[in-house]
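# Close look at the chain arrangement
The chain contents come next:
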Amino acid sequence: MAQTTTKKSSLSASVKARPPIVVVMGHVDHGKTTLLDYIRKANIAAREAGGITQAVGAYEIVHEGRRITFIDTPGHEAFTSMRSRGAQAADLAILVVAADEGVKPQTKEAIRIIEEAKTPFIVAFNKTDKTNGSIEKARNDLMAAGVLLEGFGGQVSYHGVSAKTGDGVNDLLDLVLLAADVEDLKYDAAAPAMGYVLEARRDPRRGIEATVIVKNGTLRRGDPIHTTQAAGKVKILENFLGKPVLELEPSAPAVIIGFETLPAVGEEFAVGDSTPVAGGPAAASSSFRQAAKAAASPAGSQEGGSLLNLILKSSDSGSLEALAVVLKGVDPSQTGANAKRVNIIEQAVGDITDGDVKHAAATGATIIGFKNKIEKGARILAEAQTVTIITSNIVYDLSKAVEEYLTGARGPAALGELEVLALFNKEKLEKQLVGGRVTSGLVRAKAPFEIVRRAGTAQTGAQASVGTGRILELREKKTDITQAEKGKEVGLLVSAQTAIQVGDILIIRK
Ligand code: GDP
């Protein structure tokens with residue numbers, strides 16, 4: 001049986017209490033989405049749920065006669081971007097840890113974020129159907145990661161669940177309500193409404209559509225509304241089911257049509273005319289780009305260590321915010337004597353352009369692209385100007401890449417990485433003919449490299465450096481080239497101290 005510390009909630013609903021806003025965090029594949037889906041389906045009448053016409057980043061359920069709001073956007077991104085604004089959109093977090101896997105890197109990252117934000121949290125040990133209810137390993141793992149569980153010297157309550165079968169989920173919701181009671185969440189129905197922007201996008205038909213969470217006051221149709229970046233009027237107000245409503249109270253998710261400019265994800269909004277929102281970013285600039293630049297520069301004056309200048313580009317303002325927060329959170333204190341610090345010199349929405357490459361070349365920056373494309377002109381210029389561009393659709397990959405730069409795992413000036421896929425000539429160490437795929441950054445002719453080999457299994461991920469070498473020639477489809485970027489399959493003639501093997505990673509240095 002799943003172990004439990006549950007005490008049944010016998011507290012009745014209080015009109016003064018504000019329902020808790022809950023965010024779900026944890027390692028990828030540990031079941032966050034499945035849990036959120038289960039909770040939604042089990043608690044929202046099918047007839048109502050069928051009314052959802054578009055994906056809204058939050059939903060509301062009723063459990064034991066009390067409302068609970070769940071933030072349903074990818075937990076990590078939404079949460080981190082909100083934290084960047086000093087906002088506390090979520091009242092509680094559920095840390096999901098798969099009972100069969102225990103603590104993983106993103107579990108630790110989630111713990112760090114939750115603790116920094118001082119958000120109370122409970123733990124859901126998921127997939128107990130796979131472990132016959134045993135959560136012992138995961139529980140020990142979590143305590144080793146510093147989480148003090150209830151009954152084991154701490155106060156963090158936990159429950160074993162199966163998001164797949166629903167086992168234990170009701171008890172988990174009881175724990176959410178108990179934790180909310182401890183927080184004693186209140187709101188003032190008479191106050192002007194305020195809350196946080198969860199999502200913002202431009203709908204071709206409806207105009208700017210923002211999903212927000214109301215945290216205080218009562219939000220009404222017709223209210224003037226603003227954030228530090230955007231202003232407008234609530235022309236259409238919808239609940240999370242997409243139904244038009246006249247007003248919404250905390251902690252309801254709401255869809256607002258009526259912003260004239262795009263608000264940023266995580267921003268605080270308030271009803272009233274456009275005086276800056278208290279607690280918002282100090283730089284109340286109308287231009288996100290300018291605000292970002294202003295916010296970025298002080299980091300450059302930090303003492304000690306050199307700076308890793310970054311230019312961030314992303315598909316939309318929400319993921320840009322999230323990316324910036326995650327990258328700023330890469331911990332320089334663990335990077336040793338030659339620690340570099342992340343210095344974001346610019347962040348903007350859009351594809352990577354030749355203008356970005358020029359800026360990067362002038363400032364010695366690396367360009368980080370998230371969920372976007374590299375324009376052709378930018379690609380050509382980057383090759384000519386030896387500017388490194390790292391792109392991915394997964395924020396975690398990007399933070400890992402940056403971390404590797406900082407810790408020197410990629411050396412002080414790694415250009416990129418290549419995975420060895422084939423060997424053609426292994427007779428002479430100083431003339432090895434190798435085929436491979438560029439997996440990140442750039443590979444350049446004449447560049448030195450380090451050979452990294454997997455020491456353990458793919459699961460353990462242990463890697464060891466087994467030697468160094470230099471690229472003599474670089475070819476693509478039998479034509480000599482000077483460099484190749486991520487995704488390209490290339491042939492290399494290399495000289496190295498070690499015989500290269502299929503599966504090796506070549507870390508290319510500048
Ligand atoms: P997320 O990345 O944390 O959102 O994880 P998902 O919800 O996408 O789940 C990852 C995988 O684990 C999917 O294949 C799910 O079907 C599976 N999964 C999630 N919860 C459970 C569970 O309680 N039991 C079992 N057996 N599988 C689960």
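Just so you know, these numbers come straight off a predicted model, no measurement behind them.

## With respect to the overall build of the chain
Helix and strand content of the chain: 11 helices and 26 strands. When burial is assessed residue by residue, the chain has 52% of its 510 residues classed as buried. Partitioning the intrachain contacts of the chain with sequence separation of at least 6 by distance along the chain shows that 72% fall at a separation of at least 24. Carbon and sulfur atoms make up 51% of the accessible area of the chain, which totals about 22,700 Å².

## Things to note about the side chain of aspartate 223
With respect to the helices and strands, aspartate 223 occurs in the loop between strand S9 (219–220) and strand S10 (224–226). Although aspartate 223 is buried, it makes no salt bridge; arginine 220 carries the closest opposite charge, 5.4 Å away. Here arginine 220 takes part through its backbone nitrogen, which lies 2.8 Å from a polar atom of the side chain of aspartate 223. The contact partners of aspartate 223, leaving out residues within four places of it in the chain, are Thr218, Lys233, Val234 and Val271.

## Looking at the sheet that holds strand S7 (residues 194–203)
With respect to topology, six strands assemble into a closed barrel ordered S7-S8-S13-S11-S10-S14, the strand pairing being antiparallel. On average, each strand axis in the sheet is inclined to that of its neighbour by 45°, with strand direction left out of account. When strand S8 (residues 207–216) meets strand S13 (residues 253–259), the two strands line up antiparallel, connected through five bridges. Counted as the bridge partner of alanine 210 is isoleucine 256 from S13.

## Details of the site of the ligand
The environment of the ligand is formed by 15 residues, the closest being Asp29, Lys32, Thr33, Thr34 and Asp129. Interatomic distance of 2.4 Å between a side-chain N/O atom of threonine 33 and an oxygen atom of the ligand. Contact distances for the ligand include 2.7 Å between a nitrogen atom and a side-chain N or O atom of aspartate 129. When isolated, the ligand has an accessible area of 570 Å², and the protein chains bury 73% of it. Ranked by residue count, the leading element in the shell around the ligand is helix H1 (residues 32–43), at three residues.

## Section: the sheet that holds strand S6 (residues 158–160)
Sheet architecture is open: six strands sit in the order S2-S3-S1-S4-S5-S6, paired in mixed fashion. Each of the sheet's edge strands pairs with one partner strand only, and the pair in question is strand S2 (58–63) and S6. Within the sheet, the average angular offset between the axes of one strand and its neighbour, ignoring direction, is 25°. Pairing geometry for strand S1 (residues 21–26) and strand S4 (residues 92–98), over five bridges, is parallel. Within S4, the residue paired with methionine 25 across the bridge is leucine 95. This element, helix H4 (residues 105–116), spans S1, S4 and strand S5 (121–126) of the sheet and lies at about 165° to S4.

## Considering the packing of H1 against helix H6 (residues 169–183)
The N-to-C vectors of H1 and H6 enclose an angle of 90°; their axes lie 11 Å apart at closest approach. As the angle between them shows, H1 and H6 are arranged roughly perpendicular. Only Val169, Leu172 and Leu173 of H6 make contact with H1, whose side of the interface consists of Leu35, Tyr38, Ile39 and Asn43. Residues belonging to the contact of H1 with H6 are distributed by class as follows: six nonpolar, one polar and no charged.

So, how was this worked out
Residues numbered from 1 in each chain as written. Predicted model: local features only at pLDDT ≥ 70, side-chain atom pairs only at ≥ 80, totals over all residues. Heavy atoms only, no water. Helix = DSSP H or I, 4+ residues; strand = E, 2+ residues; numbered from the N terminus. Buried < 20%, exposed > 50% of the residue type's maximum accessible area, 1.4 Å probe, protein only. Contact = heavy atoms within 4.5 Å. Areas by Shrake-Rupley, 256 points an atom, 1.4 Å probe, with all protein chains shown as cover. Lys, Arg positive; Asp, Glu negative; His and termini not counted. Salt bridge = Lys/Arg side-chain N within 4 Å of Asp/Glu carboxyl O. Polar contact = N/O pair within 3.5 Å; in protein donor to acceptor, adjacent residues only side chain to side chain. Pairing = 2+ DSSP bridges. Axes fitted to C-alpha atoms, helices over the stretch in contact; angles between N-to-C directions. Near = heavy atom within 4 Å. Parallel < 35°, antiparallel > 145°, perpendicular 65-115°, else oblique. Nonpolar A, V, L, I, M, F, W, Y, C, P; charged D, E, K, R; others polar.

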